[in-house]
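# Fold and geometry: a report
So you can see what is in the structure, the chains are spelled out below.
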Amino acid sequence: MPHMIHRLEIAVDPSTIDANAHVNNVEYVRWMQDAAISHSHTVGCTALTSTVGASWVARSHHIEYLRPAFAGERLTLYTWVSTIRRSSSLRKYRFVREGTVIARGETMWVFVDAATGKPRPIPPEVMRVFTLVPPEKEPTEFPS
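Here goes a summary of the coordinates provided. (Residues numbered from 1 in each chain as written. Predicted model: local features only at pLDDT ≥ 70, side-chain atom pairs only at ≥ 80, totals over all residues. Heavy atoms only, no water.)

## Considering the environment of T100
Mapped onto the secondary structure, T100 falls in strand 5 (residues 100-113). Using a relative accessible area of 33% as the deciding quantity, one classes T100 as partly exposed. If sequence neighbours within four positions are ignored, T100 has contacts with R67 and F95. (Helix = DSSP H or I, 4+ residues; strand = E, 2+ residues; numbered from the N terminus. Buried < 20%, exposed > 50% of the residue type's maximum accessible area, 1.4 Å probe, protein only. Contact = heavy atoms within 4.5 Å.)

Take a look at the structure:
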């Protein structure tokens, strides 16, 4: 199914490195947002969301760090939509280096009215742009 799982290639820039000599935790959140926006653009969600006078905001992030990342490395960030409810959506992420997951995360995104900032129901046409990947169908292996 097209666009179920979206990929974002990341070149780890030296500017992302913190005092501990690895990628700063804040960068992972930024990359997660970048991947979500890229996926949304690809499937037409951004245009539809704007048309209906809405926006998406992140309500919460959770990240589990398994291995550090370092300057000069290339990572692939995979993302997909796991669930869609009345006015929110759970998106999941896997950060992969050479076929190994180095971090995993998720973000709860809330669909809000652009004028008021208050949550509103996600219209069916917006829901339909994503093919959900339920937990039992989540990828467990990632190509190198």
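Picking up after the structure, the text goes on.
## Regarding the pattern of salt bridges
Evaluation of the coordinates by the stated rule reveals 8 salt bridges. Across the salt bridge formed by E27 and R30, the nearest N and O atoms sit 2.5 Å from each other. In this pair, E27 and R30 are both assigned in helix 1 (residues 25-43), 3 residues apart and thus about one turn of the helix distant. Under the relative-accessibility criterion, E27 is labelled buried at 15%. In this structure, D34 engages R30 in a salt bridge whose closest nitrogen and oxygen atoms are separated by 3.5 Å. Of this pair, D34 and R30 are both found in helix 1, 4 residues apart, which corresponds to roughly one turn of the helix. A relative accessible area of 40% means that R30 is categorised as partly exposed. One continuous salt-bridge network, built from bridges that share partners, spans E27, R30 and D34. (Salt bridge = Lys/Arg side-chain N within 4 Å of Asp/Glu carboxyl O.)

## Considerations on the layout of surface pockets
Quantified by volume, the largest pocket comes out at close to 280 Å³. Of all the elements in the fold, those that place two or more residues in the lining of the largest pocket are helix 1, helix 2 (45-51), strand 2 (54-65) and strand 4 (88-97). In terms of residue count, helix 1 provides more of the lining of the largest pocket than any other element does, 5 residues in total. Partitioned by chemical class, the residues of the lining of the largest pocket number 7 nonpolar, 7 polar and 1 charged. (1 Å grid on protein atoms, 1.4 Å probe; cavity = no way out; pocket = protein on both sides within 12 Å on 5 of 7 lines; lining within 4 Å. Points joined across faces, edges and corners; volume = space filled by probe spheres on them. Nonpolar A, V, L, I, M, F, W, Y, C, P; charged D, E, K, R; others polar.)

## Describing the environment of P124
Within the element layout of this structure, P124 appears in helix 3 (residues 124-127). In this structure, the C-alpha to C-alpha distance between P124 and R86, residues 38 residues apart in sequence, is 9.9 Å.

## Some remarks on the packing of aromatic side chains
In this description, a pair of aromatic rings is defined by centroid distance and the angle of the planes. Taken as a whole, this structure holds 6 aromatic pairs when the rule is applied. When the centroid spacing of 5.7 Å and the interplanar angle of 70° are considered together, the rings of Y28 and W31 count as edge-to-face. Placement of the pair is Y28 and W31 together in helix 1, with a separation of 3 residues, close to one helical turn. Its relative accessible area of 2% is what places Y28 among the buried residues. Judged by centre distance (4.9 Å) and plane angle (75°), the rings of Y28 and F95 are edge-to-face. Here Y28, found in helix 1, pairs with F95, found in strand 4; they are 67 residues apart in sequence, far enough to count as distant. Comparing Y28 with F95, the two get one shared label, buried. One aromatic cluster is present, built from ring pairs that chain together Y28, W31, Y65 and F95. (Phe/Tyr/Trp six-rings, centres within 6.5 Å; stacked < 30°, edge-to-face > 60°.)

## Comments concerning the sheet that holds strand 1 (residues 6-11)
Two modes of strand pairing occur in sheets, parallel and antiparallel, and in both the strands are linked by backbone hydrogen bonds. The strand order 1-3-4-5-2 describes an open sheet built from 5 strands, whose pairing is antiparallel. The open sheet is flanked by strand 1 and strand 2, the only strands paired with a single partner. Pairs of neighbouring strands in the sheet enclose a mean axial angle of 25°, with direction left out of account. (Pairing = 2+ DSSP bridges. Axes fitted to C-alpha atoms, helices over the stretch in contact; angles between N-to-C directions.)

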